[in-house]
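Summary of the model geometry
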Amino acid sequence: MVSTFKTQSDPLSLSAPVTAPGTQSSTPAATGVCVTVHGHFYQPPRENPYLDAIERQASAEPSHDWNERINRECYRPNAFARIMNDRGEVVGIANNYEYLSFNIGPTLMSWLERYDSEVYQRILEADRKSCQRLNGHGNAIAQVYNHIIMPLANERDKYTQIRWGIADFRSRFNRDPEGMWLAETAVDYATLEVLVAEGIRFIILAPSQAERCRPLIAHNQAGETTENEEWHEVGGGQIDPTRPYRCYLKPEKRLMASNQLSPLSTDHFSRHPSYNSQAPAPNTPYIDIFFYDGPISRDMGFNDVLSSSHHLAGRLGQAVRGDRRSAQLISVATDGETFGHHKGGTEKCLAYAFTEEFPRRGWTVTNFAHYLSQNPSEWEVELKPVTAWSCSHGVDRWQEDCGCGGGGGWHQKWRRPLRDSLNWLRDRLIPIYEEAGRKLFRDPWLARDEYIDVIRDRSTANVDSFLSKHQLRELDATDRVDALRLLEMQRHALLMFTSCGWFFEEISRPEGVQILRYAARALELAGEVTGVQLEKEFIERLDRAPSNVECFKTGAEVYRQLVVTAQIDLRQVAAHYAISSLFAKYPREQRVYCYQAEQLDYQIQRMGSMSLAVGQVQLTSEITRETEVFVFAAFYLGGWDFHCSIQPFGGRRSYTMLKERLFDVLQEASAAHAILEMVRLFGDRSFTLRDLFAEERHRIVQLLSQENLTRLDQLYTQVYRENYGVMMAFHRDELVVPIELQVAAEVALGHRCLTAARLLDVETEDGESLAEIEAIATEAGHLRCRLKVPEVKQILEKLVWRNLDALLQAGTGALERSPLDLKADIRKIERSIAAGEKLGLGLCLDKSQELYFDALYSQIVPLCLGWLQRQAGGGESSIEGEDFANQIAGLDDSQADNELSAIRQLLELGQTLAVDVECWLKQLS
């Protein structure tokens, strides 16, 4: 059980107890024992390269996709981390990001910004508050843009990855990053060169990545060394992680970084006595490095260190050094998803540790930048040449069959051919980009480095501003499309190196397929701009990558079966629009994923079970701005049969004739004749329901199934009604109910429950429908039915939040209602919660709980204070901003009695929502 017990020692305090003592009034000094817990929050980019959206992922059920699921299990719980008492009630809600050191991958932050703005804003707010608490040093650090293994990237890609990571960070957090997280902590001296050049002050590595260290050698005013220090060999992970280290980019290391000196030559050179004791020149560039505590970090991920805050603090305490240093840093680092996703509920452990357990032990919760600002590096470190935390063979996990990440007897011989194929493609795309880019941009590579500004904001105004800044000359519409295609080609050429593609055991896993989809899109864009066709040779190279799966055999077949089949062109977007229009009335302008669809003409006719829609639509990509006008005919034959034809717009006269001809043929009521005419007018290529994008296809399948499902619901309901007495007899005699009757009961009651809930969702006065749900819950309980009604769960959760919000939005207006009216409003909320519990739905009331907890300290507690103040015979409240308290203090006796009743009802509602209000109820007794 997670230990998160907390008490409210001062019932007259207005502030929710969510922050560590002493952390708000003044900046804590980074002295004594300081603790930093770093979370690396990251999800691989999962967007369809053609739609700029994540499609439904069945493996993430009940969520839409893995981003959504992990957000529900981890990112959101950490933004609203509960601090609980021993009764399981909430006594505080902490924003863990305010105490964690963290990096969040830019691609993940973009997703959060789009799909959960509340969590996104809590993360930004946490960084601002940590800046205020820690003298301008925020908890957030940057990350290389899309998680590529930096030592395996060419120099230009290294710069772009770091520049994009910095620019993305700056645009969100409104400050420059001091530190940067390297994917898999993979590092070499060439990467350090770029980090230093781009102004990054520190990085975080695993202890196994250090080679040797020594105290910094001091210089006098003349620049001469004042003492010599011997190196300490720590290549086995023995480096002391409680201090920062300075890593100098010495000449021989810089030569090695630029491939002018081999590691072997460096090793030979480093054995020379003068090198071993020689101090770096005063102006030698450097970067500071923190090494996290490896054993504790591993225990957090794979053992029970996070089972309680007391256990966590005890484990961290084992790392405290007994020497007399004025400050030491106990730092750990792990995947941020550990806190809630991999280990459910552990965000509560962190919240209590940050706000109670650590301060109680006199430890300062800080971050790397703040600690470094008060405790500069006093030791020098040299790194092993090429390393990463998750591979004991350097970075071979992302290029060789080294055994890391393997399992089930599968080999990873595909890694090297995959890496070689993508390197080949990257290198072939470079001259294509340079040659075509020189005709459009002043500096093609500068344009690529600053293209992050467009990725962050694809509005027309911003794209126009970007192109105006970088264009070599005035660009016409075609040139602008080509310019954006070239930049998108380069973006996908970077995305195809996302580390996840090599991390696991098989090339055909979703991660491997995803990076191949990025490669395919880069190939396609290169062909569209220059006509160069590279795909055939690319596939031939993939044929050298052996798959462990028999049906694929090689990477080439993975590409053909899983990548080529998922490619999308504008015709398919038009077909998606056309078929969907048979079931949805589109406005003149409609967004279809990352395309803008403008309906230029549309007509639909229905005849019996058949429907024919003929129209004209202009599609424009929001990414590349390419645009085309299409003519479509979408024919629905009934059942599951569709026939859709698409062709480019050929002129008003031919379009009018085509439309008239098709509707004339429809009057013959012959599906065969209609399809033959469509083939004659449009050609052989056609689209069916299978060609729709997954989300819309699923929606239409559900629509087409609804009639059959309705008939089945009616049939099951009839069976249930006719056999209700029989089922009750079985239960009375404690006999097993025949499965046929049990299924009929569950389907019938589930249908009734869903119907009532949908009415409840739109009712302004939710009385009858809620009563019906309560009756169904009782009936289901008698018959021991477990209803599978996830939509009812969502409706009840939303209803509870909506009614609670309406109640609390009234502010002091809640007190102006009669006690009976207030009781009725609260009763609606309580009944909804009780109905969900009775149905066994497991309502998630987190958002309602957060809403109430905020109101508890902003509205309800001031009311309590006002009433207590009046009882004590006091005048106006001396607590700043307590208007509510002053209002109540001035009431007469009868009014005060009503207010007391109202306050108690509001507090008792908190008990229903599992919020700790006991101390306030006792005060009012």
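A brief report on the enclosed structure follows. Not measured: the values here are computed from a predicted model. (Residues numbered from 1 in each chain as written. Predicted model: local features only at pLDDT ≥ 70, side-chain atom pairs only at ≥ 80, totals over all residues. Heavy atoms only, no water.)

Moving on, we get to the overall build of the chain. Within the chain one finds 34 helices and 19 strands. Buried positions account for 56% of the 925 residues belonging to the chain. At a minimum sequence separation of 6, the contacts of the chain that also span at least 24 residues come to 71%. For the chain, the computed accessible surface area is about 39600 Å², with 49% contributed by carbon and sulfur atoms. (Helix = DSSP H or I, 4+ residues; strand = E, 2+ residues; numbered from the N terminus. Buried < 20%, exposed > 50% of the residue type's maximum accessible area, 1.4 Å probe, protein only. Contact = heavy atoms within 4.5 Å. Areas by Shrake-Rupley, 256 points an atom, 1.4 Å probe, with all protein chains shown as cover.)

Taking 1.5 Å as the rise per residue, helix 19 (residues 510-530) with 21 residues should run 30 Å; its terminal C-alpha atoms sit 30 Å apart, in good agreement. Taking burial as the measure, the 21 residues of helix 19 include 17 buried ones, the bulk of the element. Backbone geometry just after helix 19 places G531 at a positive phi near 85 degrees. (Expected span 1.5 Å × (residues − 1).)

Here the focus is the sheet that holds strand 6 (residues 179-181). Taken in spatial order, the eight strands of this open sheet run 5-6-7-11-10-14-8-9, and their pairing is mixed. In the strand order of this sheet, the two ends are held by strand 5 (142-143) and strand 9 (232-233), each with one partner. Pairing of strand 6 with strand 7 (residues 202-205), which is carried by two bridges, proceeds in the parallel orientation. The residue bridging G179 from the neighbouring strand is F202, located in strand 7. Against the sheet, helix 5 (residues 189-197) makes contact with strand 6, strand 7, strand 10 (245-248), strand 11 (286-291) and strand 14 (379-383), and its axis sits at roughly 115 degrees relative to strand 11, the strand it touches most. (Pairing = 2+ DSSP bridges. Axes fitted to C-alpha atoms, helices over the stretch in contact; angles between N-to-C directions.)

Here we take up the side chain of T242. Mapped onto the elements, T242 comes out in the loop between strand 9 and strand 10. Residue class for T242 comes out buried when judged on its relative accessible area of 2%. Here the side chain of T242 touches R325 through a polar contact of 2.8 Å, side chain to side chain. Residues contacting T242, with those up to four places away along its chain left out, are A319, R321, R325, Q328, L329, I330 and Y371. (Polar contact = N/O pair within 3.5 Å; in protein donor to acceptor, adjacent residues only side chain to side chain.)

Moving on to helix 17 (residues 477-495). The end-to-end C-alpha separation of helix 17 is 27 Å, in line with the 27 Å expected for 19 residues at 1.5 Å each. Judged by how many residues are buried, helix 17 sits mostly within the fold: 16 of 19 residues are covered. The backbone nitrogen of T478 lies 3.1 Å from a side-chain oxygen of the residue at the head of helix 17, namely D476.

For E211, the position within the fold is in strand 8 (residues 210-215). Spatially, the C-alpha atom of E211 lies 6.3 Å from that of E233, the residues being 22 residues apart in sequence. Beyond its immediate sequence surroundings of up to four residues, E211 is in contact with H232, E233, V234, G235, E382, L383 and K384.

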